[in-house]
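# Structural description and commentary
Residues per chain, in single letters:
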Amino acid sequence: EVGPDEIVSRALAGAIKARLGRREQVLVLLNRRGYSTSVFCRQCGATLECPSCSVSLVVHGRGRAVCHYCNYARAVPRACQTCGGVFLELLGYGTERVEAELRAMFPAARVARLDRDTARRKGAVPELLGRFGSGDLDVLVGTQMIAKGHDFPRVTLVGVISADVGLGLADFRSAERTFQLLTQVVGRAGRGTVAGEAIVQTVFPGHYSIELACTQDYGAFFERELTFRRAMRYPPAVALINGVVRAASDRDAMAAAGELAE
């Protein structure tokens, strides 16, 4: 509603401002870490990929591009590795970018981030959650790590950025996991004496996993998801076996996988 480059919608920004004015707390969820999700060449269209996994490298702070599968890392190049063009653009965003945006929008607010990157230091998670629980922080941005099991009575607003991020994954459980994550994080708001509110940003507001998570209607979601699973012959309608084959070459791996399938 405020342009394609905006991460925090007008509705969510206004709600955060109101909570800060009342000294209440806010949780902001984006289930994707990093600063930008890809490095894109505007000259030839190539993206910076992991040499082992063939997936886009995610940009993290200080110009590091990281593979979230194998942890391969390198500096973000100054020019395209394919065509040599210098018109490189950072696309998409993760929790690092959301944290930076909120700090810029609300400079007086005490903002922190909880994801796998910030959790690496020993004792970092209980320390951060302790500070938030005691009221030393106003806004906590994070991945699914902030969604489950925490009880913060001062939290009266939960904002979800890109609620549909999990729906694009090639996984038959993507709708189930999206519904689960949203219902869990929405449940963090209003656990004290003050009523809570959740604002969910999505480009698919009509998708049943998001629509029914907002209304907390587990029964209706179960029926819709089961219909989909039966029609597509996915579990629990059938049983699937997932096998991982490792070999020195693609040819050996494919041959071994074929034998395993037979």
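Presented here is a report on the structure given in the accompanying data block. The structure presented is a predicted model; accordingly, all values stated were derived computationally and were not measured.

### Observations concerning the layout of surface pockets
By volume, the largest pocket amounts to about 1,200 Å³. Looking at the largest pocket, it is lined by 32 residues, and the ones nearest its centre are Asn31, Arg32, Val165, Gly166 and Leu169. Considering each element in turn, the lining of the largest pocket owes the most residues, seven residues, to helix 4 (residues 174-186). Class assignment for the residues of the lining of the largest pocket results in 14 nonpolar, 12 polar and six charged.

### A short note on the sheet that holds strand 10 (residues 197-200)
A sheet is described by the order of its strands in space; here five strands give the open sequence 7-8-1-9-10, paired in parallel fashion. The sheet is open, and its two edges are formed by strand 7 (111-114) and strand 10, each paired on a single side. Direction aside, the axes of adjacent strands within the sheet are offset by 20° on average. Where strand 7 meets strand 8 (residues 139-142), four bridges bridge the pair, whose relative direction is parallel. Among the inter-strand pairings, Leu114 is bridged to a residue of strand 8, identified as Gly142. Across the face of the sheet, helix 1 (residues 10-21) comes into contact with strand 1 (25-29), strand 8, strand 9 (155-160) and strand 10 while running at roughly 160° to strand 9. Contacts from helix 4 reach strand 1, strand 9 and strand 10, with the element oriented near 155° to strand 9.

### Describing the nonpolar core
Leu27, Phe132, Leu140, Val158, Val160 and Val185 are the most contacted members of the largest nonpolar core, which totals 29 residues. Those elements that place two or more of their residues in this core are strand 1, strand 7, helix 3 (124-133), strand 9, helix 4 and helix 5 (208-214). Among the elements that make up this core, the one with the highest residue count is helix 4 (six residues). Leu27 has contacts with Phe132, Leu140, Ile146, Val155, Leu157, Val158, Gly159 and Arg188, leaving out every residue within four places of it along the chain. Leu12, Ala15, Phe106 and Leu157 belong to the second largest nonpolar core, which has 20 residues in total.

### Side note on the pairing of strand 7
Walk down a regular strand and you will see the side chains alternate between the two sheet faces. With burial as the criterion, each face of strand 7 is covered, one bearing Val111 and Arg113 and the other bearing Ala112 and Leu114. Crossover handedness for the path strand 7 to helix 3 to strand 8: right-handed.

### Observations regarding the sheet that holds strand 4 (residues 64-66)
Pairing between the strands of a sheet comes from backbone hydrogen bonds, and it takes one of two forms, parallel or antiparallel. Pairing in this open sheet of three strands is antiparallel, and the strands run 3-4-5 from one edge to the other. Bordering the open sheet on either side are strand 3 (58-60) and strand 5 (73-75), each of which pairs with just one other strand. Across this sheet, the average inter-strand angle for adjacent strands is 35°, counted without regard to direction. Relative to strand 4, strand 3 runs antiparallel, the two being bridged by three bridges. By the bridge assignment for strand 4, His60 is matched with Arg64.

### Quick look at the packing of helix 4 against helix 6 (residues 218-232)
When two helices pack together, you describe them by how their axes are tilted relative to each other and by the distance separating the axes. It is at 10 Å that the axes of helix 4 and helix 6 come closest, and there the two elements cross at 170°. By the criterion of interaxial angle, the relationship of helix 4 to helix 6 is roughly antiparallel. Seen from above, helix 4 lies across helix 6 with left-handed handedness. Along its contact with helix 4, which presents Ala175, Glu176 and Phe179, the element helix 6 presents Tyr218, Phe221, Glu225 and Arg229. Per-class residue counts for the contact of helix 4 with helix 6 are four nonpolar, no polar and three charged.

### Details of helix 4
For helix 4, spanning 13 residues, the distance from its first C-alpha to its last is 18 Å, which sits close to the expected 18 Å at 1.5 Å a residue. Listed in full, the buried residues belonging to helix 4 are Ser174, Ala175, Thr178, Phe179, Leu181, Leu182, Thr183, Val185 and Val186. Those residues of helix 4 that are buried are in contact with strand 1, strand 9, strand 10, helix 5 and helix 6.

Each value, and the rule that gives it
- Residues numbered from 1 in each chain as written.
- Predicted model: local features only at pLDDT ≥ 70, side-chain atom pairs only at ≥ 80, totals over all residues.
- Heavy atoms only, no water.
- 1 Å grid on protein atoms, 1.4 Å probe; cavity = no way out; pocket = protein on both sides within 12 Å on 5 of 7 lines; lining within 4 Å.
- Points joined across faces, edges and corners; volume = space filled by probe spheres on them.
- Helix = DSSP H or I, 4+ residues; strand = E, 2+ residues; numbered from the N terminus.
- Nonpolar A, V, L, I, M, F, W, Y, C, P; charged D, E, K, R; others polar.
- Pairing = 2+ DSSP bridges.
- Axes fitted to C-alpha atoms, helices over the stretch in contact; angles between N-to-C directions.
- Contact = heavy atoms within 4.5 Å.
- Core = buried A, V, L, I, M, F, W, Y, C linked by side-chain atoms within 4.5 Å.
- Buried < 20%, exposed > 50% of the residue type's maximum accessible area, 1.4 Å probe, protein only.
- Right-handed = clockwise from strand over helix to strand, strands pointing away.
- Parallel < 35°, antiparallel > 145°, perpendicular 65-115°, else oblique.
- Left-handed = near helix turned anticlockwise from the far one by under 90°.
- Expected span 1.5 Å × (residues − 1).

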